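For reference, the chains in residue letters:
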Amino acid sequence: MPKVETFDKDLIIAQVTEVFHDKGFNATSMQDIVDATGLNRSSIYNSFENKHNLFLECLKNYKSKCNTILSEKLNQTKNALESIGLIFDIYIAEMSKEEQDKGCLLVNCASEMANHDISITNFLQKNQNDMLSLLEGLVKKGQENNLINTKRDATNYALYLYSNMQGFRMTGILISDTSKLESIKNTIIQTLQ
């Protein structure tokens, strides 16, 4: 008869996400995971099979939480340009936190593991496609409402914004000065007007 889980799986994933966020996938050992959760190795292996599967669960959970926050905040905006600015504002708020010098888990994962593991690459590709779709929809709406120029089509501007957002988040690892981050954001937004 298989053992029944006697721990809060969501709590374990949250604890392990912090470890992966601090150390990255490759530098995180099973002992780090044991120390963070208080579980023994066999419980971890029985529940998640291996570190890789646990990492994917952490990535999915992290993305889900980020998407929830983003959706809630975007629902409060008045127009597409404000929505795009709000996405940058969310990133600035994250980067300005005192303890936040570790960057975005998804961006960090992309720089550490993209193209080294097919399941991670597929996860990151889907995440990218979802974000590009959101941005393209915002740009189209902004162009229809004459808030965003039509020098480029929505697809090109979505790629431009996505690329800038990735770089912006990497920049935020080393720069936490809110005024500098706001200046970068404003320059990017001005390109659209």
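Now for the overall build of the protein. Of the regular secondary structure elements, the protein holds nine helices and zero strands. Secondary structure elements in the protein, listed N-terminal to C-terminal, are α-α-α-α-α-α-α-α-α. Within the protein, contacts between residues at least 6 apart in sequence are counted, and of these 65% link residues at least 24 apart. In the form shown here, the protein has an accessible surface area of approximately 10800 Å², with 49% of it arising from carbon and sulfur atoms. Charge separation in the protein, taken as the distance between the mean sites of 20 positive and 24 negative side-chain charges, equals 3 Å.

Looking at the assigned domains, one finds that the protein contains domain 1 (1-61) and domain 2 (77-192). A C-alpha centroid distance of 29 Å is found between domain 1 and domain 2. Taken together, the contact between domain 1 and domain 2 spans 14 residues of the former and 14 residues of the latter. Across the domain 1/domain 2 interface, buried area totals approximately 1100 Å², and carbon plus sulfur atoms make up 67% of it.

Moving on, we get to the packing of aromatic side chains. Under the definition given, this model contains five aromatic pairs. Judged by centre distance (5.0 Å) and plane angle (50°), the ring pair of Phe-25 and Phe-55 falls under tilted. With Phe-25 in the loop between helix H1 (9-23) and helix H2 (30-37) and Phe-55 in helix H4 (residues 51-74), the pair connects residues that are 30 residues apart, well separated along the chain. Neither Phe-25 nor Phe-55 differs from the other in exposure class; each is buried. Summarising the aromatic geometry, the rings of Tyr-157 and Tyr-160 are spaced 6.4 Å apart at their centres and angled 65° between planes, so their arrangement reads as edge-to-face. One end of the pair, Tyr-157, and the other, Tyr-160, are both in helix H8 (residues 154-174), three residues apart, so they sit about a helical turn from each other. Members of the aromatic cluster, connected to one another through ring pairs, are Phe-20, Phe-25 and Phe-55. Lys-51 extends its terminal NZ or CZ atom over the ring of Phe-25, reaching a point 4.3 Å from the ring centre.

Bringing the side chain of Lys-185 into the picture now. Among the secondary structure elements, Lys-185 is positioned in helix H9 (residues 178-192). Judged by relative accessible area, which is 11%, Lys-185 ranks as buried. Non-local contacts of Lys-185, meaning those with residues more than four positions away in its chain, are made with Gly-85, Phe-88, Asp-89, Ile-92 and Phe-168.

This part covers the side chain of His-21. As for its position among the elements, His-21 is in helix H1. Look at His-21 and you get buried, because its relative accessible area is 7%. Among the polar contacts made by the side chain of His-21, one reaches the main-chain amide nitrogen of Leu-105 at a distance of 3.4 Å.

Running from N to C, H4 and helix H5 (residues 80-96) cross one another at 140°; their axes reach a closest spacing of 10 Å. The orientation of H4 relative to H5 falls into the category oblique. The two elements H4 and H5 meet at a crossing, and its hand is right-handed. Touching Leu-70, Lys-73 and Leu-74 of H4 are Ser-83, Leu-86, Ile-87 and Ile-90, all from H5. Across the contact of H4 with H5, the residue classes tally to five nonpolar, one polar and one charged.

About the criteria used
- Residues numbered from 1 in each chain as written.
- Predicted model: local features only at pLDDT ≥ 70, side-chain atom pairs only at ≥ 80, totals over all residues.
- Heavy atoms only, no water.
- Helix = DSSP H or I, 4+ residues; strand = E, 2+ residues; numbered from the N terminus.
- Contact = heavy atoms within 4.5 Å.
- Areas by Shrake-Rupley, 256 points an atom, 1.4 Å probe, with all protein chains shown as cover.
- Lys, Arg positive; Asp, Glu negative; His and termini not counted.
- Charge placed at Lys NZ, Arg CZ, Asp CG, Glu CD.
- Domains from an automatic or database assignment.
- Buried area = accessible area lost by both parts, 1.4 Å probe.
- Phe/Tyr/Trp six-rings, centres within 6.5 Å; stacked < 30°, edge-to-face > 60°.
- Buried < 20%, exposed > 50% of the residue type's maximum accessible area, 1.4 Å probe, protein only.
- Lys NZ or Arg CZ within 6 Å of the ring centre and 35° of its normal.
- Polar contact = N/O pair within 3.5 Å; in protein donor to acceptor, adjacent residues only side chain to side chain.
- Axes fitted to C-alpha atoms, helices over the stretch in contact; angles between N-to-C directions.
- Parallel < 35°, antiparallel > 145°, perpendicular 65-115°, else oblique.
- Left-handed = near helix turned anticlockwise from the far one by under 90°.
- Nonpolar A, V, L, I, M, F, W, Y, C, P; charged D, E, K, R; others polar.

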